[in-house]
Amino acid sequence: MDFLLLNYGKIVLIGIGATATMDIWRFLLQKTAGVSSLDLGLLGRWVGNLFRGKIFHTSIGKAEVIQNETKLGWASHYAIGIFFSFLLPILWGEGWLKNPTIMPAIFVGVGTVLAPWLFMQPAMGIGIAASKTPKPYQVRLRNIAIHTVYGFGLYGSALLTNVWFQ
């Protein structure tokens with residue numbers, strides 16, 4: 001696994017690119033179709049409260065406000081995206097970094113939906129896989145869609161880093 005250290009910068013750029021792809025997609029959906037997504041300020045509130053020892057909330061919207069929670073949310077969002085980008089070379093090896101293929105990237109992208117469904121959403125008070133929301137299937141479909149976009153972003157960013165790192 002020494003190749004992870006040797007390719008650390010490249011993997012971080014892949015994670016940043018994939019997360020930015022998600023953000024561009026979210027922005028386009030919001031502007032063209034009025035589709036809203038996770039308020040990153042609430043993510044920051046949740047992360048900030050983690051540092052205070054509070055993991056689970058009845059409603060994250062009613063939880064204690066954290067100073068600079070939106071900035072913390074954005075930083076956390078990108079840190080999570082970078083963290084998950086390491087799954088590709090861990091699972092598919094250094095070969096994937098040198099010659100990325102789309103299916104592993106989509107697999108990882110869609111697979112990362114398990115983190116919000118099984119941990120973050122319950123911790124924020126909206127239940128497993130958004131089960132406590134008014135329209136859980138709609139939220140789940142959006143979650144799958146945005147994580148699929150993340151997968152495409154992983155693939156595209158890996159291709160771009162191969163161009164930049166030649």
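In this convention, every chain numbers its residues from 1, walking through the sequence in written order. Two thresholds apply to this predicted model, a pLDDT of at least 70 for residue-level local features and 80 or more for giving and counting side-chain atom pairs, whereas whole-chain, interface and lining totals are computed over all residues. Water and hydrogen atoms were dropped before computing side-chain values, which therefore reflect all heavy atoms in the structure.

The protein chain is annotated in an unreviewed UniProt entry as DUF2938 domain-containing protein of Leptospira mtsangambouensis.

Moving on, we come to helix 4 (residues 69-85). The helix count covers DSSP runs of H or I at least four residues long, the strand count covers runs of E at least two residues long, and both are numbered beginning at the N terminus. Expected helix span is given by 1.5 Å per residue-to-residue step, counting one fewer step than there are residues. Given a rise of 1.5 Å per residue, 17 residues ought to cover 24 Å, and the 24 Å separating the end C-alpha atoms of helix 4 matches this to within 8%. Listed as buried for helix 4 are Glu69, Gly73, Ser76, His77, Gly81, Ile82, Phe84 and Ser85. Any two residues having at least one pair of non-hydrogen atoms within 4.5 Å are treated as being in contact. For helix 4, the elements touching its buried residues are helix 2 (8-33), helix 3 (40-50), helix 5 (87-92), helix 7 (102-111), helix 8 (114-124) and helix 9 (136-164). Each residue's exposure class comes from its accessible area (1.4 Å probe, protein chains only) as a fraction of the maximum for that residue type: buried when under 20%, exposed when over 50%, partly exposed otherwise.

Turning our eyes to something else, we now look at the packing of aromatic side chains. Each Phe, Tyr or Trp ring (for Trp, its six-membered ring) is paired with any other whose centre lies within 6.5 Å, and the angle between the two planes then decides the class: stacked below 30 degrees, edge-to-face above 60, tilted in between. Across all of its chains, the model carries six aromatic pairs by this definition. Ring geometry for tryptophan 46 against phenylalanine 119: centres 5.6 Å apart, planes inclined by 70 degrees, an arrangement best described as edge-to-face. Here the residue tryptophan 46 occupies a position in helix 3, and phenylalanine 119 occupies one in helix 8, the gap between them amounting to 73 residues. The exposure class of tryptophan 46 is buried, given its relative accessible area of 4%. With relative accessibility at 41%, the residue phenylalanine 119 sits in the partly exposed group. On the numbers, 5.8 Å between centres and 75 degrees between planes, the contact of tryptophan 92 with phenylalanine 107 is edge-to-face. Of this pair, tryptophan 92 sits in helix 5 while phenylalanine 107 sits in helix 7; the two residues are 15 residues apart in sequence, bridging distant segments of the chain. Accessibility expressed as a relative area gives 36% for tryptophan 92, which makes it partly exposed. For phenylalanine 107, a relative accessible area of 56% corresponds to the exposed category. Among the aromatic residues, those joined into a ring-pair cluster are Trp46, Phe56 and Phe119. Looking at arginine 140, its charged tip hangs above the ring of tyrosine 137, at a distance of 4.6 Å from the centre. Should the NZ of a Lys or the CZ of an Arg lie within 6 Å of a ring centre and within 35 degrees of the ring normal, that charge is described as sitting over the ring.

Between two packed helices, both the angle of their axes relative to each other and the distance between the axes serve to describe the pair. Throughout, an axis means a line fitted to C-alpha atoms (over the contacting stretch in the case of helices), and angles, computed between N-to-C directions, take values from 0 to 180 degrees. Across the interface, helix 3 lies against helix 8 with an axial gap of 11 Å and an inter-helix angle of 90 degrees. Accordingly, the angle class assigned to the pair helix 3 and helix 8 is roughly perpendicular. For the pair helix 3 and helix 8, the contacting residues are Leu42, Leu43 and Trp46 in the first and Phe119, Met120, Ala123 and Met124 in the second. Each residue is assigned to one of three groups, with Ala, Val, Leu, Ile, Met, Phe, Trp, Tyr, Cys and Pro labelled nonpolar, Asp, Glu, Lys and Arg labelled charged, and all others, Gly among them, labelled polar. Residues of the contact of helix 3 with helix 8, tallied by class, amount to seven nonpolar, no polar and no charged. Any angle between 65 and 115 degrees counts as roughly perpendicular, while under 35 counts as roughly parallel, over 145 as roughly antiparallel, and the rest as oblique.

By salt bridge we mean one thing: a side-chain nitrogen of Lys or Arg within 4 Å of a carboxyl oxygen of Asp or Glu. Inspection of every chain in the model, using the stated rule, returns four salt bridges. Aspartate 23 serves as the salt-bridge partner of arginine 26, at 3.3 Å between the closest nitrogen and oxygen. Taken together, the positions of arginine 26 and aspartate 23, both in helix 2 and three residues apart, correspond to about one turn of that helix. Residues arginine 26 and aspartate 23 agree in their burial class; the two are buried. Between arginine 45 and glutamate 69 there is a salt bridge, and its shortest N-O distance comes to 2.7 Å. Taken as a pair, arginine 45 in helix 3 and glutamate 69 in helix 4 lie far apart in primary sequence, 24 residues in all. By relative accessible area, arginine 45 is classed as buried at 9%. A residue is classified by how much of its surface remains accessible, and glutamate 69, at 11% relative accessible area, is buried.

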